[in-house]
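# Coordinate inspection notes
What follows is each chain in one-letter form.
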Amino acid sequence: MNRLISTEPATGTELWSGPIGDATAEVAAARAAWPAWAAQSVSYRIETMRRFANVVRARTAEFAELIARETGKPFWEAKAEVGSVIGKVDISVSAYSERTPMRKMEGALGSKVAVRHKPHGVLAVLGPYNFPAHLPNGHIVPALIAGNTVVFKPSEKTPASGAFLVDCFHEAGVPDGVLRLLIGGPDEGRALAGEDGIDGLLFTGSARAGASLARQFAETPQKILALELGGNNPIVAWDVKDIDAAATMIVQSAFLSAGQRCTACRRLIVEDGTEGPLVDAITRLIDRIIVDNPMADPQPFMGPVIDIAAADALQDSWLGLMMKGGKPLRRLDRPFEERPYLTPAMIDVTDIKDRPDEELFGPVLQMIRVKSFDAAIDEANNTRFGLAASLIGGTPKMYDKYWANVRAGVINWNKPTNGAPSNAPFGGVGLSGNHRPSAFYAADYCAYPVTSVEAELARATITEGLRDPFAER
């Protein structure tokens with residue numbers, strides 16, 4: 001039997017292995033379990049989710065260590081991710097109540113108009129590696145509350161974290177058929193997406209994979225497709241008063257999770273000629289960042305990126321920027337050649353013509369100098385993506401202009417680009433999504449509204465367009 005093996009990025013040690021699954025069999029099992037799960041009351045499904053939260057809470061340390069070892073992110077950050085998994089339950093309960101309530105209104109002739117919501121059926125969830133528990137959980141919990149059954153395929157780079165998550169659901173009393181785990185690589189993901197038996201697909205990942213799924217689903221409009229994709233996110237720093245605070249937010253935005261967040265800042269846009277103090281503060285902070293094993297003591301700010309291939313690709317992209325005319329402010333170095341550790345890097349790309357509009361999914365911050373605030377807004381929009389953007393500094397009037405003109409699904413003021421709240425919608429425009437925001441709005445794509453006009457007695461009349469029955473005699 002073929003098996004998928006997961007190794008620790010920090011050490012190369014084998015962490016976990018499991019048999020590669022069969023998409024058709026998993027979808028069939030979820031389909032068989034769906035009628036009984038959908039027939040349960042919403043309160044029963046919610047109570048099951050609350051038990052799930054308690055299971056995860058009791059296993060926090062174990063879960064966090066697994067995530068840290070499998071992703072390479074620091075243990076402190078993995079613990080925060082587990083906290084988000086727990087918190088998602090209460091947020092999803094509130095969202096289901098607010099976004100999909102039952103409503104009744106008065107209709108004509110004493111009838112009632114009712115609006116209720118139904119689950120789609122079997123939903124496939126494809127998870128990413130950067131948040132292997134929190135992000136798929138953000139699809140799974142609202143899908144189960146709504147009455148769907150789920151087939152979840154974790155990233156082939158983080159299958160152990162996905163398997164642990166599913167185990168917690170089952171321990172809490174979610175029936176085996178209601179949540180199925182599909183272990184495998186890209187082939188299994190494509191097979192799951194192409195299964196006739198699914199009623200929708202919820203995906204978090206790269207824009208390239210999202211575009212491929214959109215093409216695949218183009219001829220199946222009856223199936224829901226929710227895409228949460230990447231970003232080439234800008235921060236505009238303008239008329240900054242507190243240089244140290246601004247530098248801290250920029251470093252957090254660019255280098256948390258080793259830059260492996262879809263909301264990470266990729267582009268820093270500054271006023272040409274005034275950027276010196278801010279750049280000095282950023283580079284001083286970069287020089288203090290600890291890059292180390294996720295379980296090291298003291299804890300690092302950054303661990304490795306996910307694997308050797310990712311590190312190699314980032315280094316190639318970095319060299320490409322330099323060859324096009326980029327000027328390094330802090331280099332992208334490889335402190336341990338045999339492992340995928342990278343140092344946080346910053347490069348001035350102002351003089352590069354036709355800058356690549358790509359999501360460099362790692363610790364690379366590109367700086368662009370412009371002459372005016374209008375030019376800064378134009379540069380912020382100089383991307384096919386539209387996930388997150390932030391303005392640091394400025395005035396309320398400038399922020400109003402920034403908010404009104406920048407195309408993004410998350411627009412912040414004097415806050416980092418990353419760390420979006422779970423009690424609000426999360427999603428983007430352009431190549432960053434397909435107008436199916438997740439987080440608090442995930443309830444919207446987990447159930448569909450049904451409008452009913454209802455009356456206890458059947459009464460009907462036709463007043464126009466009929467012949468007079470007495471005139472024919």
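Residues numbered from 1 in each chain as written. Predicted model: local features only at pLDDT ≥ 70, side-chain atom pairs only at ≥ 80, totals over all residues. Heavy atoms only, no water.

## Section: the overall build of the protein chain
Going by this rule: Here a helix means four or more residues in a row that DSSP labels H or I, a strand means two or more in a row labelled E, and each is numbered from the N terminus. Each radius of gyration reported is based on C-alpha atoms, and the globular scaling rule is 2.2 Å times the count of residues to the power 0.38. Burial classes: relative accessible area under 20% of the type maximum marks a residue as buried, over 50% as exposed, and values in between as partly exposed (1.4 Å probe, protein chains only). Pairs of residues are marked as contacts when any of their non-hydrogen atoms sit within 4.5 Å. Residue exposure ignores everything except the shown protein chains as possible cover, and the areas themselves are Shrake-Rupley values with a 1.4 Å probe. Positive residues here are Lys and Arg, negative ones are Asp and Glu, while His and the chain termini are left out of the count. All charge positions are set by atom: Lys at NZ, Arg at CZ, Asp at CG, Glu at CD.
Scanning the protein chain for helices and strands turns up 14 helices and 19 strands. Computed over its C-alpha atoms, the radius of gyration of the protein chain comes to 25 Å, within 12% of the 23 Å expected for a compact globule of 473 residues. Scored against the burial criterion, the 473 residues of the protein chain give a buried share of 53%. Counting only contacts in the protein chain whose residues sit at least 6 apart along the sequence, the fraction spanning at least 24 positions is 72%. For the protein chain, the exposed area adds up to about 21,000 Å²; of that, 52% sits on carbon and sulfur atoms. Averaged over its 49 positive side-chain charges, the protein chain has a centre that lies 4 Å from the centre of its 56 negative ones.

## Remarks on the side chain of Ser253
Residue position: Ser253 is located in helix α9 (residues 243–255). Not counting residues within four places of it along the chain, the set of residues in contact with Ser253 comprises Ile235, Ala264, Cys265, Pro416, Thr417 and Asn418.

## Examining the sheet that holds strand β3 (residues 103–106)
What counts here: Two strands pair under a simple rule: DSSP has to find at least two bridges between them. To obtain an axis, a line is fitted to C-alpha atoms, over the contacting stretch when the element is a helix, and the angle between two such axes runs from 0 to 180 degrees between their N-to-C directions.
Strand order across the open sheet formed by 3 strands is β3-β4-β19, with antiparallel pairing between neighbours. With one partner strand each, in any of the chains shown, β3 and β19 (447–454) form the two edges of the open sheet. Put simply, the sheet's adjacent strands are angled 25° from each other on average, direction ignored. Bridge count for strand β4 (residues 112–119) against β19 is 8 bridges, and the pairing is antiparallel. Note on β19: the bridge partner recorded for Ala114 is Ser452.

## Brief notes about the pairing of β4
Across 4 bridges, the pairing between β3 and β4 is antiparallel. Bridging from a neighbouring strand, Met105 pairs with Val113 of β4. Between β3 and β4, which pair antiparallel in sequence order, lie 5 residues; one of them, Leu109, sits at a positive phi of approximately 55°.

## Examining the packing of aromatic side chains
The following threshold applies: Pairing of aromatic side chains here covers Phe, Tyr and the six-membered ring of Trp, requires ring centres within 6.5 Å, and sorts the geometry by plane angle: under 30 degrees stacked, over 60 edge-to-face, intermediate tilted. Any Lys NZ or Arg CZ that is within 6 Å of a ring centre and within 35 degrees of that ring's normal is treated as a charge sitting over the ring.
As enumerated under the stated definition, the model contains 7 aromatic pairs in all. Ring centres 5.1 Å apart and planes at 75° place the aromatic pair Phe336 and Tyr341 in the edge-to-face group. Accessibility expressed as a relative area gives 37% for Phe336, which makes it partly exposed. Of the residues examined, Tyr341 reaches a relative accessible area of 4% and is grouped as buried. Note that Lys73 overlies the ring of Phe131, its terminal NZ or CZ placed 3.7 Å from the centroid. The residue whose ring lies beneath Arg99 is Tyr441, and the NZ or CZ to ring-centre distance is 3.6 Å.

## Thoughts on the sheet that holds strand β5 (residues 122–126)
The 5 strands are arranged β7-β6-β5-β8-β9 in an open sheet whose pairing can be described as parallel. Edge strands, defined here as strands with exactly one partner in the open sheet, are β7 (179–181) and β9 (224–228). Adjacent strand axes in the sheet meet at a mean angle of 15°, parallel and antiparallel pairs treated alike. Two elements, β5 and strand β6 (residues 149–153), share 5 bridges in a ladder whose sense is parallel. Counted as the bridge partner of Val122 is Thr149 from β6. On top of the sheet, helix α1 (residues 23–39) reaches β5, β6 and β7; it is set at about 150° to β6, its chief contact. Contacting β5, β6, β7, β8 (200–204) and β9, helix α5 (residues 134–146) crosses the sheet at an angle of about 165° to β6.

## Some remarks on the nonpolar core
One broad rule of soluble globular proteins: the nonpolar side chains tend to lie buried together. In plain terms, the rule: Residue types Ala, Val, Leu, Ile, Met, Phe, Trp, Tyr and Cys, when buried and joined through side-chain atoms within 4.5 Å, form a set referred to as a nonpolar core.
By size, the foremost hydrophobic cluster in this structure holds 58 residues, and its most contacted members are Val236, Leu268, Ile282 and Tyr402. With 7 residues, α9 is the single largest residue contributor to this core. Those residues within four positions of Leu268 in sequence are excluded, and the remaining contacts are Ile235, Ala237, Ile250, Ile282, Met346, Leu365, Gln366, Met367 and Ile368. Ala64, Val85, Ala143 and Leu165 belong to the second largest nonpolar core, which has 49 residues in total.

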